[in-house]
Amino acid sequence: MRFDSVEFWAFFAVVLLLHRVLPARRLLLVLASYAFYASWNPPFVLLLLFSSMLDFAIGHRLGALPAMDAGARTQRRALLGLSLLGNLGVLFYFKYVGFVLDNLVAVGALAADSAAGLRVETVLPLGISFYTFQTLSYTIDVYRGDTKPVRSVGDFLLFVSFFPQLIAGPILRAQEFVPQIEHDPVPDRRGVLEGVELCLVGLFKKVVIADGFANVVDMVFANPEHFSGWALLVGSFCFNCQIYCDFSGYSTMARGLARLLGYEIPRNFDFPLLATNPLEYRRGWHVTMGNWFRDYLYRPLGGDRGGEWKTARNSMITWMAFGLWHGASWTFVLWGALNGLLLVVYRLLKLRGLLLPKGRLSTAVGLLLMPTFLSLSTIAFRAPSIAAAFTAYRRIATWADGPLAISPLWLLALTVLYGIHWLNRRYQTEGALARVGWPARAAFITFMVLGLAVGAGSGAPFYYFQF
Amino acid sequence: MDLHPAPRADARQGNRALLVCALVGLVVFVGSDALASRSDWLWEVVGRGASGSENAAVMLEARAHSLAQEPPLAALVMGSSVADADFTERALAASLQVPPARVAKLWMPAMSDVELAMLAPLVRRLRPERVIVPASPFVMLGGLRWDRTRAYAPEVAWRLFTPRELFTDRVEHLSRAFASTHVIVRHRRELRRVLLGDHRDITALPPQGERPRVGEQIHALERARQGDFRCDTVHVRALEIFAQDVRATGAELIIASAPMAGRSLAGSAASSERLDACLESLSLAGARLRLGRDRPAFEHDDFRDLIHLDRAAAERFTRWVLEPAPNAGRPPHAL
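Small disclaimer: the values here were computed from a predicted structure and weren't measured.

What counts as what
- Residues numbered from 1 in each chain as written.
- Chains lettered and ligands numbered in written order.
- Predicted model: local features only at pLDDT ≥ 70, side-chain atom pairs only at ≥ 80, totals over all residues.
- Heavy atoms only, no water.
- Helix = DSSP H or I, 4+ residues; strand = E, 2+ residues; numbered from the N terminus.
- Buried < 20%, exposed > 50% of the residue type's maximum accessible area, 1.4 Å probe, protein only.
- Domains from an automatic or database assignment.
- Contact = heavy atoms within 4.5 Å.
- Buried area = accessible area lost by both parts, 1.4 Å probe.
- Salt bridge = Lys/Arg side-chain N within 4 Å of Asp/Glu carboxyl O.
- Polar contact = N/O pair within 3.5 Å; in protein donor to acceptor, adjacent residues only side chain to side chain.
- Nonpolar A, V, L, I, M, F, W, Y, C, P; charged D, E, K, R; others polar.
- Phe/Tyr/Trp six-rings, centres within 6.5 Å; stacked < 30°, edge-to-face > 60°.
- Lys NZ or Arg CZ within 6 Å of the ring centre and 35° of its normal.
- Disulfide = S-S within 2.5 Å.
- Pairing = 2+ DSSP bridges.
- Axes fitted to C-alpha atoms, helices over the stretch in contact; angles between N-to-C directions.

This paragraph deals with the overall build of chain B. Assigned secondary structure in chain B consists of 16 helices and five strands. A total of 335 residues make up chain B; the buried ones form 53% of that total.

Moving on, we get to the domain arrangement of chain A. All names here are of chain A. Assigned domains within chain A: domain 1 (6–184) and domain 2 (191–466). When each unit is reduced to the centre of its C-alpha atoms, the spacing between domain 1 and domain 2 is 26 Å. The interface is formed by 41 residues belonging to domain 1 together with 36 residues belonging to domain 2. Buried area between domain 1 and domain 2, both sides added, is near 3200 Å², and the carbon and sulfur share of it is 69%. Summed over the three residues of domain 1 that lose the most area to domain 2, namely Phe99, Phe133 and Pro170, the buried surface amounts to 18% of that side. As a salt-bridge pair, arginine 173 and aspartate 295 come within 3.0 Å of each other at their nearest N and O atoms. The interface formed by domain 1 and domain 2 includes 17 residue pairs in polar contact (both at pLDDT 80 or more). Every element with two or more residues in the side of domain 1 that touches domain 2 is listed here: helix 1 (6–21), helix 2 (25–38), helix 4 (70–106), helix 6 (128–144), helix 8 (163–166) and helix 9 (174–183). At eight residues, the largest contribution of residues to the side of domain 1 that touches domain 2 is made by helix 6. Across the side of domain 1 that touches domain 2, the residue classes tally to 27 nonpolar, seven polar and seven charged.

Moving on, we come to the packing of aromatic side chains. What the rule picks out here adds up to 55 aromatic pairs over all chains. When the ring centre of phenylalanine 239 of chain A is taken as origin, the NZ or CZ atom of arginine 382 of chain A, which lies over that ring, is 5.9 Å away. Seen from the ring of phenylalanine 167 of chain B, arginine 170 of chain B lies directly overhead, with NZ or CZ sitting 4.5 Å from the centre.

Of note in the backbone geometry, histidine 286 of chain A takes a positive phi value of approximately 45° without being a glycine. Looking at where histidine 286 of chain A falls in the secondary structure, it is placed in the loop between helix 12 (278–284) and helix 13 (287–298). With phi around 50°, arginine 127 of chain B is a residue other than glycine that occupies positive phi space.

Below, the discussion takes up the state of the cysteines. Each disulfide consists of one covalent bond between the sulfur atoms belonging to two cysteines. Residues and elements named next belong to chain B. Counting across every chain of the model gives one disulfide over all chains. The disulfide partner of cysteine 231 is cysteine 278, and the gap between their sulfur atoms is 2.0 Å. Disulfide cysteine 231-cysteine 278: the torsion about the S-S bond is 85°, which places it as right-handed. With cysteine 231 in the loop between helix 13 (214–223) and helix 14 (234–249) and cysteine 278 in helix 15 (residues 269–281), this pair connects stretches of sequence that are 47 residues apart. Overall, the relative accessible area of 31% leaves cysteine 231 in the partly exposed class. Overall, the relative accessible area of 3% leaves cysteine 278 in the buried class.

Right, let's talk about the sheet that holds strand 4 (residues 252–257) of chain B for a bit. All names here are of chain B. Taken in spatial order, the five strands make up an open sheet running 2-1-3-4-5, and their pairing is parallel. Both edges of this open sheet fall to strand 2 (103–107) and strand 5 (288–290), since each of them pairs with a single strand only. Each strand axis lies, on average, 20° off the axis of its neighbour in the sheet, ignoring direction. Sheet analysis places strand 3 (residues 130–135) next to strand 4, joined by six bridges and oriented parallel. Note that in strand 4 the partner of proline 134 across the bridge is alanine 256. Against the sheet, helix 14 contacts strand 1 (75–79), strand 3 and strand 4, and its axis sits at roughly 150° relative to strand 4. Packed on one face of the sheet, helix 15 meets strand 3, strand 4 and strand 5 and runs near 160° to strand 4.

Further remarks concern helix 7 (residues 153–161) of chain A. Residue and element names in this part refer to chain A. With seven of its nine residues buried, helix 7 lies for the most part within the structure. Inspection of helix 7 places Asp155, Phe156, Leu157, Leu158, Phe159, Val160 and Ser161 among the buried residues, and these make up the whole buried set. On its buried face, helix 7 sits against helix 2, helix 3 (44–64), helix 6, helix 8 and helix 9. Measuring from the side-chain oxygen of the N-cap residue of helix 7 to the backbone nitrogen of glycine 154 gives 3.2 Å; that N-cap residue is serine 152.

Residues and elements named next belong to chain B. In terms of burial, strand 3 is a largely internal element, six of the six residues being buried. Burial along strand 3 is two-sided: Arg130, Ile132 and Pro134 facing one way and Val131, Val133 and Ala135 facing the other are all buried. Here two bridges tie strand 1 to strand 3, and the two strands are oriented parallel to one another. Across the sheet, leucine 76 pairs through a bridge with valine 131, a residue of strand 3.

Let us look at the pattern of salt bridges. Opposite charge on two side chains permits them to pair, given that their charged atoms come into close proximity. All told, the structure shown has 33 salt bridges over all chains when counted by the stated rule. Among the ionic pairs, arginine 259 of chain A bridges to glutamate 194 of chain A, the shortest N-O distance being 3.0 Å. Of this pair, arginine 259 of chain A sits in helix 11 (residues 229–260) while glutamate 194 of chain A sits in helix 10 (residues 189–222); the two residues are 65 residues apart in sequence, bridging distant segments of the chain. We note a salt bridge from glutamate 172 of chain B to arginine 176 of chain B, for which the minimum N-O separation is 3.0 Å. In this pair, glutamate 172 of chain B and arginine 176 of chain B both sit in helix 10 (residues 170–180), four residues apart, roughly one turn of the helix. In this structure, a network of salt bridges that share partners links the residues Arg102, Glu129, Arg130, Glu252 and Arg288 of chain B.

Below you can see the structure in the form of structure tokens.
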């Protein structure tokens, strides 16, 4: 059940109705979440249950052990190791085994025949990268004493499986979400209006804008050798916008659905298309996952506490791991490395005072350079192979000619999108539906309904579902 | 973040706001459909945006819209390219002694009987005096392929498919049912193509599944074996439902066994007899059957290819179909 399908909205309407009528709202949401997950592939529900129960039990046990006791400390470490092993082991098995075997064969460490014998063809369970990291963060937080163990197994199951964000985030932290579950909320008027607004805006971003851009992006990246360097550059901008609207559209809908159920989940995007430097981008793109890597990888590695070289190393490791999190392919590692490198260079320039002083000029230069860099880096993200990515880079760098061109109207579409993005940030339009009167609300709903009716595109799957 | 649950009064206000939003959305959705489907401009734009066989359903619907503005038809021929090739408007008009404007053909390349049944609501709108459908052994061939099904009507689907089939293909049914409720949703590709330019440049034309081709039916017939022709296919069920729906409009339905060239199994006497037997066994709500065994002979030279008659043969076939029934005066089949 995809968020852009009629099936999902029929399902959600029933859940919403029952949520308002039945007293056992939390139980309803657990059942609805598991039914939602089962609609993709029923056996994988067991995997979700396993991951949840493992971390619930470990969290419970960790809470019972005194943190300061030396004997208990060993036990606590063992429990944390068990959680890491169990969760990352499952993730590794489903997502990375084939990749590792292929690379072992490529470097000659394994004969091709033996690798084929070891390989088990599996379907990647949907959302596994998201919920695995979510449950892991809970165990680590309990281990660190940052959060208390959840007492109710039902509440914990809901924390891990809450269907608006189960498949592609935003990644929740137990300390933010479990207290909300315990309060068993029902939204007020403001919450409902915010929820309606977020759902419509998210759906519009996905099915009108992202799917619209997918049309040209698919065409360009299917045959990069036939397009000119200019067309590939525009295509990479289009892909940058496509992936942003696709993923942020999903996240926005997730927040809207949660609001309609009375819950508040964090923003996953903070205007990343308008980032003027790599730090702003890092803070604006896939925020909850970026924070996860910051809190559970970058900082444990030492963060920025060990001097320039160590900070650079930690940034590179974190970004490359972030890239690899997306998928078992070197193209994702390359994308992570490019972003990490940009961040390292930016920090070095900043430390040496070689950046333009803050002001309009630096903002203008940043607004020109960052989107260009981000769009170019997404070529690595989108290309089917490293070789294909380099073909595209070479054609852009040499400003190659090609028999196929892209309509200039796509440039207009990009300009309009960036303009709207800027206006949204400038006037902080989110939540406006709750602040205006009914005539303006009706106008907004009319625009959205007609826009969706005319503009809905190809029905391409959500890009981040593959991760 | 306020972690306290909303007081009951606040929750009631929230529910009221949700209800109003849903109502506004519903009014916009229903109202825009009502306005758009009556708009000649929309149909003109949709017609311009549609081209080629891949948009045959759109063109068919646009043609039906323009026919609906005219006086009721004396005869409406519906079906695949066989319906187009095997019937001529001139012979139809002459046989019925009406002006040519009072006869029409609504056809799509490789139209299946499931698609035919899904188009039954159009018959309700057009209110013709009679509907003529050529029957061929295709009705007894194979199952349903959603990527080849270009028409959908929820009220027909509800009767045509079993609950199990509806549940198994629920994604397909729900999305098609939704699209069928709103004319703009259904024709947004054509609208965008006209309003925004060529689809390769600007519109969000979805990746098209493989579309039915005219030659495809011929290949299917050439490959078919005797055991492939069955009288329990979804298309046979669809033909029964179509007959019921046409009957409900008060129109006469004529189902005529279309000739096939004898070079294939489908064109053999055995297949023709099997089709006759199948049609006679169905509950066709009083439809008049023109069976293969009563049909004049058609030679190889009468065909353009394996399944389509040439023009002269089509005139003869059309006249035969509209001749008074040989069993006139007897009770209709399977009432």
